[in-house]
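Single-letter residue listing:
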Amino acid sequence: MQNHKFTNSLINETSPYLLQHAHNPVNWYAWNKETLELAKKENKLILISIGYSSCHWCHVMEHESFENEEVAAIMNEHFINIKIDREERPDIDQIYMNAVQLMTGSGGWPLNCVALPDGRPFWGGTYFPKENWISALQQLSKLYSETPEKAIEYAEKLTEGIKNSDLIELNKNEVIYKISHLKSSVDNWKKNIDPELGGRKGSPKFPMPNNYQFLLRYGVQANDGEILNYVNTSLTKMALGGINDHIGGGFARYSVDAKWHIPHFEKMLYDNGQLVSLYAEAYQATKNELYKKTVYQTLEFIERELTTNEGAFYSSLDADSKTKEGKLVEGAYYVWTKPELERILGSDFRIFSDFYNVNEYGYWEHDNYVLIRKNNTYEISKKHGISIVDLDKKVTNWRNKLLKERIKKDKPRLDDKSLTSWNALMLKGYIDAYTVFGDKHFLDVAIKNATFIYSKQLQEGGNLNHTYKNGKSTINGYLEDYATVVDAYISLYEATLNEKWLNTAKQLTDYVFDHFYDTKSSMFFFTSNEDANLIARKMEIEDNVIPASNSIMAKNLFKLSHYYSNNYYLKVSKQMLLNVQAKANLYGSGYSNWLQLKSYLVGEYYEIAISGKDALVKLEEINTQYIPNKLIAGSTKKSSLPLMEGRFSENETFIYVCVDGTCKLPERDTKKALNQLKIKF
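Keep in mind it's a predicted model, so treat the numbers as computed, not measured.

## Some thoughts on the environment of phenylalanine 452
Okay, step 1: Structurally, phenylalanine 452 is set in helix α18 (residues 440–457).
Okay, step 2: Distance in space between the C-alpha atoms of phenylalanine 452 and alanine 312 is 6.5 Å, their sequence separation being 140 residues.
Okay, step 3: With sequence-adjacent residues up to four places away left out, phenylalanine 452 is seen in contact with Glu310, Ala312, Asn423, Gln457 and Tyr468.

## Notes on the state of the cysteines
By definition, a disulfide links two cysteine residues through a covalent bond between their sulfur atoms.
Okay, step 1: The full count for this structure, using the stated rule, is 2 disulfides.
Okay, step 2: Covalently, cysteine 658 is tied to cysteine 663 through a disulfide, its sulfur atoms 2.1 Å apart. Looking down the S-S bond of the cysteine 658 and cysteine 663 bridge, the torsion is 95 degrees, so its handedness is right-handed.
Okay, step 3: Residue cysteine 658 is classed as buried on the basis of its relative accessible area of 1%.
Okay, step 4: The exposure class assigned to cysteine 663 is partly exposed, which follows from its relative accessible area of 29%.
Okay, step 5: Among the cysteines of the protein chain that take part in disulfides, numbered as they appear in the sequence, the pairing is 1-2, 3-4.
Okay, step 6: As a non-bridged cysteine, cysteine 113 has cysteine 58 as the owner of its nearest cysteine sulfur, 14 Å distant.
Okay, step 7: For cysteine 113, a relative accessible area of 1% puts it in the buried group.

## Section: the side chain of glutamine 274
Okay, step 1: Within the fold, glutamine 274 resides in helix α11 (residues 269–286).
Okay, step 2: Here glutamine 274 is in contact with Pro209, Leu425, Val545, Ile546 and Pro547, once residues within four sequence places are set aside.

## Details of the sheet that holds strand β15 (residues 472–476)
Okay, step 1: In spatial order, the strands read β13-β14-β15; together these 3 strands make up an open sheet with antiparallel pairing. Strands with a single pairing partner mark the edges of an open sheet, and in this sheet they are β13 (418–419) and β15.
Okay, step 2: Bridge count between strand β14 (residues 465–469) and β15: 4 bridges; the pairing is antiparallel. By the bridge assignment for β15, lysine 469 is matched with lysine 472.

## Describing the packing of aromatic side chains
Okay, step 1: Summed over the entire model, instances satisfying the criterion amount to 46 aromatic pairs.
Okay, step 2: With a centroid separation of 5.5 Å and 35 degrees between ring planes, the pair formed by phenylalanine 128 and tryptophan 133 is classed as tilted. Both residues of the pair, phenylalanine 128 and tryptophan 133, belong to the buried class.
Okay, step 3: Taking the centre distance of 5.4 Å and the plane angle of 50 degrees together, the rings of phenylalanine 265 and tryptophan 364 count as tilted.

## A closer look at the packing of helix α20 (residues 499–516) against helix α22 (residues 567–586)
Okay, step 1: Running from amino to carboxyl end, α20 crosses α22 at an angle of 60 degrees, the nearest separation of the two axes being 13 Å. In this view, α20 runs oblique relative to α22, as classed from their interaxial angle. Both α20 and α22 take part in a crossing whose hand is left-handed. Side by side, α20 and α22 meet where Lys506, Thr509, Asp510 and Phe513 of the first sit next to Tyr568, Tyr569 and Val572 of the second.
Okay, step 2: Residue classes in the contact of α20 with α22 are distributed as 4 nonpolar, 1 polar and 2 charged.

## Observations concerning the sheet that holds strand β2 (residues 45–51)
Okay, step 1: Taken in spatial order, the 5 strands make up an open sheet running β1-β3-β2-β4-β5, and their pairing is mixed. Two strands close off the open sheet at either side, each with one partner strand: β1 (28–29) and β5 (121–125).
Okay, step 2: Relative to strand β3 (residues 79–85), β2 runs parallel, the two sharing 7 bridges. Bridge assignment links glycine 51 to a residue of β3, and that residue is aspartate 85.

About the thresholds
Residues numbered from 1 in each chain as written. Predicted model: local features only at pLDDT ≥ 70, side-chain atom pairs only at ≥ 80, totals over all residues. Heavy atoms only, no water. Helix = DSSP H or I, 4+ residues; strand = E, 2+ residues; numbered from the N terminus. Contact = heavy atoms within 4.5 Å. Disulfide = S-S within 2.5 Å. Buried < 20%, exposed > 50% of the residue type's maximum accessible area, 1.4 Å probe, protein only. Pairing = 2+ DSSP bridges. Phe/Tyr/Trp six-rings, centres within 6.5 Å; stacked < 30°, edge-to-face > 60°. Axes fitted to C-alpha atoms, helices over the stretch in contact; angles between N-to-C directions. Parallel < 35°, antiparallel > 145°, perpendicular 65-115°, else oblique. Left-handed = near helix turned anticlockwise from the far one by under 90°. Nonpolar A, V, L, I, M, F, W, Y, C, P; charged D, E, K, R; others polar.

Set out below in structure tokens:
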């Protein structure tokens, strides 16, 4: 057993990120009531340092400053030092990130904030080199000991700013939703798109799955060829780029360059879950085989690297791993040198190097290459005089060979906690993959994960917990947990017609109204009213890499209002959308999930009810079509669900196409039923 010179109280935590800091000379504490009381008792400033397990610059700052005894001595003498895993405590991260953004105009991780003993911040930033960090700490401790009133005055103003930022007021205007609103959002959006390389203009480039889901839908429904080309370019360039791991599957968090080539190498569960949903939907709409391959290879990665025996999903893989020389280097696990590839692939190297650009185009640094595709399979097959079938076999063989070689390397660190919200995003990915491809294995994985959430994370009091690790479910859930689970459970009902999932979605929604709803604004707080108070209670409104919990919830309410004929749900959903209407028009990419909800309200929204013993067969036939403006209800027996009541027949299976509860004549034939739908606006 390794002997450590230092051990602090983080040794008692379960978060992999906090445990990484348990042997720093810094006397770290976890965020809890006792730590906050200690700061008040000793009248010491609180130093709040926030990061996450797979964050590269968090590791750099730890190595330079938090493992340094000189730095630790200053921190321990003058501060109560609190380390926070942002993935475990997004509520705290929101507040101090907001503070740093107000102070500096930008944010990121590691996030470092200095606060008064009561938690109100007055100084902060992100990564600091060691000398700058020491200098800042010395000045701050001097300021607080000599002129504390200055720190207090600034903290008061900043706290007021935190409370007022992102405040949403009830919009009392009456709005009629029009296609012109969506068009104006998309027209504003077009100014910032990169039509050649996909994504936003410039670099870095983040895959923003919900952006493309909305734009795919808008392109199809509005018949906008420019947008459809842009979506296809973005999805193709991402799938062929180095951001997609061509050997092991799965996407990295973002690319540092404009051509999707060099990733910031950490792989996050939330990205991959949403990208599976996106590529599955895009395949459903286009039948592009590249999209199907991308889904299958991403899910192979998830099963191999991020799935637990209980059917839960781990959080992430680190960007950094050790080289042969034992040095921790970003991307070391994923990159290749030319001699390495020549040795492994032998005579195939020539065609491989063309296929994956082991040349100037694919070169990174230090004689390393990140695999990236540029030419399509047909061009390579023609150039090398090989059939596409044989080339595909070679590609599979190369992937298997290189994966075996790669496994011999030092693996990136695994963040082995399971977060409910991220699990729900991955669960939805599996459901969407099953819906589109009909692969029963995807459904089996989905049901196992949905059951894990139901049996381990859903508590007796009706609440969800946020985190699960080593058999322990902890931390009262946030709005993101409820919103994503409700969304996934609605989708699982639509895929299986098992009403257990839909009824659980409704129960969780009613719990959210009881504990998160703000009657003044008709929006939902991020934290439950049962949680300990922080200096502000925030609302998550803007869609980011993960859509805002409020936008997911608003869409859930819209769907559930149809399933349960619940006008209150519909009223709240529409009011929530109305509250963000002005911002969504101006900044579509930050409100893309809200715009999806608006798309439901523009044109027809269909309830497709399938009743009878062959309902699941008919459902499979319907799922071959891309129909973004619909929900599915169905049953193979009698059902009391409002959409299904009185529709069951022992001898026939009927498909009902309805709008707001008004139905056309039922059809036995799926094609005839689908002909009743109008997808375009």
